[in-house]
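Here is what each chain is made of, one letter per residue.
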Amino acid sequence: MLLTCHVAPSVRTSFTADEDTLLMKYIATYNPTKKNRSGNALYKCLEANASFSHADNKWNWSRTHSWQSWQNRYRKNMEEFDRKILKYQKKKGIE
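These numbers come from a predicted model, not from an experiment.

Cut-offs used in this document
Residues numbered from 1 in each chain as written. Predicted model: local features only at pLDDT ≥ 70, side-chain atom pairs only at ≥ 80, totals over all residues. Heavy atoms only, no water. Axes fitted to C-alpha atoms, helices over the stretch in contact; angles between N-to-C directions. Helix = DSSP H or I, 4+ residues; strand = E, 2+ residues; numbered from the N terminus. Left-handed = near helix turned anticlockwise from the far one by under 90°. Contact = heavy atoms within 4.5 Å. Nonpolar A, V, L, I, M, F, W, Y, C, P; charged D, E, K, R; others polar. Buried < 20%, exposed > 50% of the residue type's maximum accessible area, 1.4 Å probe, protein only. Phe/Tyr/Trp six-rings, centres within 6.5 Å; stacked < 30°, edge-to-face > 60°.

1. Structural notes on the packing of helix α1 (residues 17–30) against helix α2 (residues 40–49)
In step 1: Running from N to C, α1 and α2 point in directions that differ by 115°, and their axes come no closer than 12 Å. Two packed elements cross with a definite hand, and for α1 against α2 that hand is right-handed. Residues Leu 23, Tyr 26, Ile 27 and Tyr 30 of α1 form the contact with α2, whose own contacting residues are Leu 42, Tyr 43, Cys 45 and Leu 46.
In step 2: Residue classes in the contact of α1 with α2 are distributed as eight nonpolar, no polar and no charged.

Below, the structure is given as structure tokens:
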């Protein structure tokens, strides 16, 4: 007898313009310089704070994607994000 396993296909959730704006503000505030913006720590922190058990729960909007997805989103659109981050930082006085 041959055993067959059926695996449900994963559903990919697209990023929204609002999520891009939230990611941009998060990076602008918590990693104001370009250094380490592509690193793991920034995005792991984003995911960790979104967990249900975390007291602050500041970034519950980040639950829609894994930390790796947020990181890849930034990496694939780095120039655009960096441009928007700089503009936002100037507007908010973030250095």
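2. Points about the environment of Ile 94
In step 1: Take Ile 94: it is sitting in the segment after α4 (78–92).
In step 2: Residue classification places Ile 94 among the partly exposed positions, given a relative accessible area of 24%.
In step 3: With 65 residues separating them in the primary sequence, Ile 94 and Thr 29 have C-alpha atoms 7.2 Å apart.
In step 4: Once residues lying within four places of it in the same chain are set aside, the contact partners of Ile 94 are Ala 28, Thr 29, Pro 32, Tyr 88 and Gln 89.

3. Here we look at the packing of aromatic side chains
In step 1: One pass over the structure, following the stated rule, counts six aromatic pairs.
In step 2: Relative to Trp 59, the ring of Tyr 26 has its centre 4.9 Å away and its plane inclined at 75°; by these criteria the two rings are edge-to-face. Of this pair, Tyr 26 sits in helix α1 while Trp 59 sits in the loop between α2 and α3 (67–76), and the two are 33 residues apart along the sequence. Of the two residues, Tyr 26 and Trp 59, neither departs from the other in class, the shared state being buried.
In step 3: Between the aromatic rings of Tyr 74 and Phe 81, the centroid separation amounts to 5.9 Å while the plane-to-plane angle is 45°, which identifies the pairing as tilted.

4. Looking at the side chain of Gln 89
In step 1: Of note, Gln 89 is situated in helix α4.
In step 2: Residue classification places Gln 89 among the buried residues on the basis of a relative accessible area of 6%.
In step 3: Dropping the residues within four chain positions of it, Gln 89 is found in contact with Ala 28, Pro 32, Arg 37 and Ile 94.

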